Amino acid sequence: SSSIIDRKSKFVAHAKKVITKEEAESFWRKVQATEKGATHNILAYRIQLPDGNVIEEYHDDGETYAGNRVLTLLKTLDAKNVVVVVTRWFGGQLLGPIRFEHILKCSREVLDK
């Protein structure tokens, strides 16, 4: 996604089509290794299994409640076989609830692409 900067905090989302939990978690590790100096790499994914069941997981990576919010967006959009990682660089000032708007805006943008 494009980046959002608010009071020196920066947010960018990454997404990839995946068909296994291992692919999703591998992508998360790749983003963590690539985005140097990031404070958080928030993870959410939904994968539809061959039997029709959907597995979904998230990880806040220290950004409390953020992973669940991204997962809720994926569920709302009925997105399947996709992983989203939102990277945040903390700018030194607490943003409060507006940070969730930035996280979801980046997530939506990258999913739309």
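The structure presented is a predicted model; accordingly, all values stated were derived computationally and were not measured.

A. Geometry of the sheet that holds strand 5 (residues 82–89). Read from one edge to the other, the open sheet built from five strands follows the order 1-2-5-3-4, with strand pairing classed as antiparallel. Both edges of this open sheet fall to strand 1 (4–6) and strand 4 (54–59), since each of them pairs with a single strand only. Between one strand and the next, the sheet's axes are offset by a mean angle of 15°, whatever the strand orientation. Pairing geometry for strand 3 (residues 40–48) and strand 5, over seven bridges, is antiparallel. Of the residues in strand 5, the one forming a bridge with Ala44 is Val84. Relative to strand 3, helix 1 (residues 21–34) is tilted by about 160°, and along the sheet it contacts strand 2 (9–17), strand 3, strand 4 and strand 5.

B. Fine view of the packing of helix 2 (residues 66–76) against helix 3 (residues 98–112). Following both chains from N to C, one finds helix 2 and helix 3 inclined at 40°, their axes separated by 10 Å at the closest point. One element, helix 2, and the other, helix 3, form an angle in the oblique class. Note that helix 2 runs across helix 3; the crossing there is right-handed. Contact residues: helix 2 offers Ala66, Arg69, Val70, Leu73 and Leu74, while helix 3 offers Phe100, Ile103, Leu104, Ser107, Arg108 and Leu111. Residue classes in the contact of helix 2 with helix 3 are distributed as eight nonpolar, one polar and two charged.

Parameters and conventions
Residues numbered from 1 in each chain as written. Predicted model: local features only at pLDDT ≥ 70, side-chain atom pairs only at ≥ 80, totals over all residues. Heavy atoms only, no water. Pairing = 2+ DSSP bridges. Helix = DSSP H or I, 4+ residues; strand = E, 2+ residues; numbered from the N terminus. Axes fitted to C-alpha atoms, helices over the stretch in contact; angles between N-to-C directions. Contact = heavy atoms within 4.5 Å. Parallel < 35°, antiparallel > 145°, perpendicular 65-115°, else oblique. Left-handed = near helix turned anticlockwise from the far one by under 90°. Nonpolar A, V, L, I, M, F, W, Y, C, P; charged D, E, K, R; others polar.

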